[in-house]
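Residue strings, one per chain:
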Amino acid sequence: MTITLNINGQPRRLVAAPDTPLLWALREELKLTGTKFGCGVGLCGACTVHVDGQAVRSCLMPAQGVAGRKVVTIEGLSPDRSHALQRAWIAHQVPQCGYCQSGMLMAAAALLRETPQPTDAEIDAAITNLCRCGTYPRVRAAIQAAARDAA
């Protein structure tokens, strides 16, 4: 089946089975490899992207389910690392192994869009992505810094 998607502001077409997860359509068909495969069951959040502005786990979302909707991947967050969260991530040295970072950034961007000045408790409730390196205190600090910069 041919599916037309709006990926990072660009119309894209792909041929995929109706039940192909969005994650695999992005990575394998469209070669947008910033979105990572972690667990495949929606628990870890490494595959988080935005669909119509909402953070979703792309391993659970069928590609056909986003036909005609706006999808933003980490590649579309900012092409030059100028997004406030990307700058804060670097300044606070959040990444260690880095595997969870694209999903974590996408979840944080959705949080800040909905809650521009989140408390630590709101961050903890919204950011359910798993980080094997345990950089949660740095993630929280970077989100707070990005929120301050945007204010």
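Attention in this report is confined to the structure presented alongside it. Because the structure is a prediction, the values reported are computed rather than measured. Counting restarts for each chain, with residues numbered from 1 along the sequence as it is written. Local features are withheld for residues below a pLDDT of 70 in this predicted model, meaning they are given only at 70 or higher, and side-chain atom pairs are given and counted only at 80 or more; totals for whole chains, interfaces and linings count all residues. Calculated side-chain values reflect all of the structure's heavy atoms, with hydrogen atoms and water omitted.

Right, let's get into the overall build of the chain. Elements are defined by DSSP. Helices are runs of H or I of four residues or more, strands are runs of E of two residues or more, and each kind is numbered from the N terminus. Scanning the chain from N- to C-terminus turns up 6 helices and 5 strands. Helices and strands in the chain line up, N terminus first, as β-β-α-β-β-β-α-α-α-α-α. Taken against the 2.2 N^0.38 rule, which gives 15 Å for 151 residues, the C-alpha radius of gyration of the chain at 15 Å falls within 12% of a compact globule. With respect to the three principal axes, the spread of C-alpha positions in the chain is 45 × 30 × 25 Å. Among the 151 residues that make up the chain, the fraction classed as buried is 45%. Pairs at least 24 apart in sequence give 57% of the contacts found in the chain among residues at least 6 apart. The positive charge centre, built from 15 side chains, and the negative charge centre, built from 11, are 4 Å apart in the chain. Every radius of gyration here is taken over C-alpha atoms, with the globule rule written as 2.2 Å times N^0.38, N being the number of residues. The rule is simple: take the accessible area with a 1.4 Å probe, protein chains only, and divide by the maximum for that residue type; under 20% is buried, over 50% is exposed, in between is partly exposed. By definition in these notes, contact holds between two residues if any of their heavy atoms fall within 4.5 Å. His residues and chain termini do not enter the charge count, which takes Lys and Arg as positive and Asp and Glu as negative. Taken as the charge location is NZ of Lys, CZ of Arg, CG of Asp or CD of Glu.

All right, on to unusual backbone geometry then. Trans is the prevailing form of peptide bonds, just as negative phi is the prevailing case for residues other than glycine. Not every positive phi belongs to a glycine, and lysine 31 is a case in point at roughly 60°. Residue lysine 31 is classed as exposed on the basis of its relative accessible area of 60%. In this structure, glutamine 93 is a non-glycine residue whose phi angle is positive, near 50°. Inspection of the secondary structure puts glutamine 93 in the loop between α3 (84-91) and α4 (101-114). On the accessibility criterion, glutamine 93 (57% relative accessible area) is exposed.

Time to look at the layout of surface pockets. Lining residues are those with an atom within 4 Å of a point, where the points come from a 1 Å grid over the protein atoms alone and group into cavities, where a 1.4 Å probe fits but cannot get out, or pockets, open sets with protein on both sides within 12 Å along at least five of seven lines. Grid points are joined across faces, edges and corners, and a volume is the space filled by probe spheres set on the points. Approximately 190 Å³ is the volume attributed to the largest pocket. Forming the walls of the largest pocket are Gly38, Cys44, Ala46, Cys97, Tyr99, Cys100, Leu130, Cys131, Arg132 and Cys133. There is about 160 Å³ of room inside the second largest pocket. Around the second largest pocket, the lining residues are Ile74, Arg81, Gln86, Trp89, Ile90, Pro95 and Leu105. For the lining of the second largest pocket, the element with the highest residue contribution is α3, accounting for 3 residues. Gly is placed with the polar residues, together with every amino acid not listed as nonpolar (Ala, Val, Leu, Ile, Met, Phe, Trp, Tyr, Cys and Pro) or charged (Asp, Glu, Lys and Arg). Within the lining of the second largest pocket, the residues separate by chemical class into 5 nonpolar, 1 polar and 1 charged.

This part takes up the side chain of threonine 48. One can find threonine 48 in strand β3 (residues 48-51). Overall, the relative accessible area of 4% leaves threonine 48 in the buried class. Any pair of N or O atoms that falls within 3.5 Å is considered a polar contact. Within protein, one atom must be able to donate a hydrogen and the other to accept it, and sequence-neighbouring residues count only if both atoms are side-chain atoms. Side-chain polar atoms of threonine 48 contact the side chain of arginine 57, separated by 3.5 Å. Only 3.5 Å separates the side chain of threonine 48 from the side chain of asparagine 129, close enough to count as a polar contact.

This brings us to the pairing of strand β2 (residues 10-15). The pairing of strand β1 (residues 2-7) with β2 spans 6 bridges and is classified as antiparallel. Directly across from threonine 2, in β2, lies its bridge partner valine 15. In this structure, the hairpin formed by β1 and β2 is closed by a connection of 2 residues, where asparagine 8 is found at a positive phi of approximately 50°. Two strands qualify as a pair provided DSSP detects at least 2 bridges between them.

Attention now goes to the pattern of salt bridges. Just to be clear on terms, a salt bridge is a Lys or Arg side-chain nitrogen sitting within 4 Å of an Asp or Glu carboxyl oxygen. Tallied over the entire structure, the rule returns 2 salt bridges. Between aspartate 52 and arginine 69 there is a salt bridge, with the nearest N and O atoms lying 3.0 Å from each other. Here aspartate 52, found in the loop between β3 and β4 (54-57), pairs with arginine 69, found in the loop between β4 and β5 (70-72); they are 17 residues apart in sequence, far enough to count as distant. The class for aspartate 52 is partly exposed, based on a relative accessible area of 43%. Between arginine 140 and aspartate 124 there is a salt bridge, with its nearest N and O atoms 2.9 Å apart. Here aspartate 124 lies in helix α5 (residues 120-126) and arginine 140 lies in helix α6 (residues 136-150), a separation of 16 residues in the sequence. Given the relative accessible area of 23%, arginine 140 is considered partly exposed.

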